[in-house]
Amino acid sequence: MNARDWLIAYFGQHGKLNGREVRELADENFVSMELLDSLGIVEMLTGIEEDFGVWLEPAEMQDPRFCSISGLAEIVEESRARAA
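Residue numbering note: each chain is counted from 1, following its sequence as written. Under the rules for a predicted model, residues below a pLDDT of 70 receive no local features and side-chain atom pairs below 80 are neither given nor counted, while totals for whole chains, interfaces and linings still include all residues. Where side-chain values are given, they derive from all heavy atoms of the structure, hydrogens and water being excluded.

Q: Quick question: what am I supposed to make of the packing of helix H2 (residues 38-52) against helix H4 (residues 69-83) here?
A: Think of two packed helices as two axes; the pair is described by the angle between the axes and how far apart they sit. An axis is simply a line fitted to the C-alpha atoms; with a helix, the fit covers only the stretch in contact. Between two such axes, the angle follows the N-to-C directions and lies from 0 to 180 degrees. Runs of H or I in DSSP of at least four residues are treated as helices and runs of E of at least two as strands, each being numbered from the N terminus. Their axes nearest at 12 Å, the elements H2 and H4 cross at an angle of 35°. The crossing of H2 and H4 is right-handed. Judged by residue contacts, Met44, Ile48 and Phe52 of H2 engage Leu72, Val76 and Arg80 from H4. When residue character is reported, Ala, Val, Leu, Ile, Met, Phe, Trp, Tyr, Cys and Pro are called nonpolar, Asp, Glu, Lys and Arg charged, and the others, Gly included, polar. The residue inventory of the contact of H2 with H4, partitioned by class, reads five nonpolar, no polar and one charged. Helix crossings get a hand from a simple test, with the near helix turned counterclockwise from the far one by less than a right angle marking a left-handed crossing and a clockwise turn marking a right-handed one. The contact criterion used throughout is that any non-hydrogen atoms of two residues lie within 4.5 Å.

Q: Is there a simple way to explain the packing of helix H1 (residues 3-14) against H4 in this structure?
A: Two elements in contact, H1 and H4, have axes whose closest approach is 8 Å; the angle formed by their N-to-C orientations is 135°. Compared by their axis directions, H1 and H4 come out oblique. For the pair H1 and H4, the sense of crossing is right-handed. The segment H1 lies against H4, with Ala3, Arg4, Leu7, Ile8 and Phe11 engaging Ile69, Ser70, Leu72, Ala73, Val76, Glu77 and Arg80. A breakdown of the residues in the contact of H1 with H4 according to their chemical character gives eight nonpolar, one polar and three charged. In these notes the angle categories are as follows: under 35 degrees is roughly parallel, over 145 is roughly antiparallel, 65 to 115 is roughly perpendicular, and the rest is oblique.

Q: How should H2 be read in this particular structure?
A: Quick reminder: α-helices carry 3.6 residues per turn. Residues three or four places apart thus point the same way. One less than the number of residues in a helix, times 1.5 Å, gives the span that helix is expected to have. The first and last C-alpha atoms of H2 sit 21 Å apart over 15 residues, in line with the 21 Å expected at 1.5 Å per residue. Buried within H2 are the following residues: Gly40, Ile41, Met44, Leu45, Gly47, Ile48 and Phe52. The arc that holds every buried residue of H2, seen down its axis, measures 160°, which confines them to one face. In H2, the exposed positions angled more than 90 degrees off the buried face are occupied by Ser38, Leu39 and Glu50. The secondary structure elements touched by the buried residues of H2 are H1, helix H3 (58-62) and H4. Residue Gly53 follows H2 closely and has a positive phi angle near 70°. Each residue is assigned to one of three classes by its accessible area relative to the maximum for its type, calculated with a 1.4 Å probe on protein chains only: buried under 20%, partly exposed between the two thresholds, exposed over 50%. As used here, the arc is the angular range of directions from the helix axis to the C-beta atoms.

Read these as geometric descriptors, not functional statements.
Below, the structure is given as structure tokens:
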């Protein structure tokens, strides 16, 4: 499974979507939209670490792309490529 599909599934299961389709929100800022609370973000990062074998560095979490599903998927895939 690629990171984008994994994140879409994660947000679909754990996100506060309020009836919205998660794929429509893939480029939106999930932090400002409060789709996940702080525990949900920590659990998401733990899941990324476990399922993809990558640990996101603090600098990657400061990357503006981190705040959208699509952008975070790019960061995860880049981390996977570096780890390979």
